[in-house]
Amino acid sequence: MKKLRNTVIVWVAIYPAITGLSWLFGDALGALPLAVRTLILTAILVPLMVYVLIPFWTHLLQSIELRWKDHSTHNKVLDTPNH
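All values reported here derive from a predicted model rather than from experimental measurement.

### Quick word on the environment of Leu45
Take Leu45: it is sitting in helix α2 (residues 34-79). Relative accessible area serves as the criterion here: at 8%, Leu45 is assigned to the buried category. Excluding its chain neighbours within four sequence positions, the residues that come into contact with Leu45 are Ala17, Ile18 and Leu21.

Here you go:
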């Protein structure tokens, strides 16, 4: 399950990043050879992913998971019959 979660985090982070960078710099990079465009985009994307986007989405998802677990644990306690 952890690999699936990590895959989703990377996809959720990289898709808008690639789309945004392509939108912002597409015209300027369009005249360059493919290898140079890829080099420039990855030089921006890799640090952005490693230092900003993946930690952000990981933290957000962990917060949601903790709230979900707390909520479900709280409901189980409330649903337990009193003896």
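Additional details are given in the paragraphs that follow.
### Things to note about the pattern of salt bridges
Any two side chains of opposite charge can pair, given that their charged atoms come close. Overall, the coordinates contain 1 salt bridge when judged by the stated rule. Note that Glu65 and Arg5 form a salt bridge whose closest N and O atoms lie 3.7 Å from each other. Pair noted here: Glu65 is in helix α2 and Arg5 is in helix α1 (residues 2-29), with a separation of 60 residues, a long-range link. By relative accessible area, Glu65 is classed as partly exposed at 30%. Residue Arg5 is classed as buried on the basis of its relative accessible area of 18%.

### Things to note about the nonpolar core
Ala13, Ala17, Leu21, Leu45, Met49 and Leu53 form the largest nonpolar core, which has 6 residues in total. For this core, the elements supplying multiple residues, two or more each, are α1 and α2. Once residues within four sequence positions are removed from consideration, Leu21 is found in contact with Gly26, Leu41, Ile44 and Leu45.

### Focus: the packing of aromatic side chains
All told, the structure shown has 2 aromatic pairs when counted by the stated rule. Taking 6.0 Å as the distance between ring centres and 20° as the angle between the ring planes, the aromatic pair formed by Trp11 and Tyr15 counts as stacked. Here Tyr15 and Trp11 lie together in helix α1, a separation of 4 residues that amounts to about one turn. As far as the burial class goes, Trp11 and Tyr15 line up, both exposed. Considering the side-chain rings of Phe56 and Trp57, the 5.2 Å spacing of their centres and the 80° angle between planes classify their relative orientation as edge-to-face. A relative accessible area of 46% places Phe56 in the partly exposed class.

Basis of the calculations
- Sequence order as written defines residue numbering, which begins from 1 separately in each chain.
- For this predicted model, a pLDDT threshold of at least 70 governs which residues receive local features, and a threshold of 80 or more governs which side-chain atom pairs are given and counted, while totals over whole chains, interfaces and linings are taken from all residues.
- Note: side-chain values were computed over all heavy atoms of the structure, leaving out hydrogens and water.
- Secondary structure follows DSSP: runs of H or I at least 4 residues long count as helices, runs of E at least 2 residues long count as strands, and numbering of each begins at the N terminus.
- The classification of residues rests on relative accessible area computed with a 1.4 Å probe and restricted to protein chains. Under 20% of the type maximum is buried, over 50% is exposed, and intermediate values are partly exposed.
- By the convention used here, residues are in contact when the closest approach between their heavy atoms is within 4.5 Å.
- In what follows, salt bridge is the name for a side-chain nitrogen of Lys or Arg lying within 4 Å of a carboxyl oxygen of Asp or Glu.
- Nonpolar cores were defined as sets of buried Ala, Val, Leu, Ile, Met, Phe, Trp, Tyr and Cys residues, with membership established by side-chain atoms within 4.5 Å.
- Here is the rule: rings of Phe, Tyr and Trp (six-membered ring for Trp) pair when centre to centre is within 6.5 Å. Planes less than 30 degrees apart are stacked, more than 60 are edge-to-face, and the remainder are tilted.

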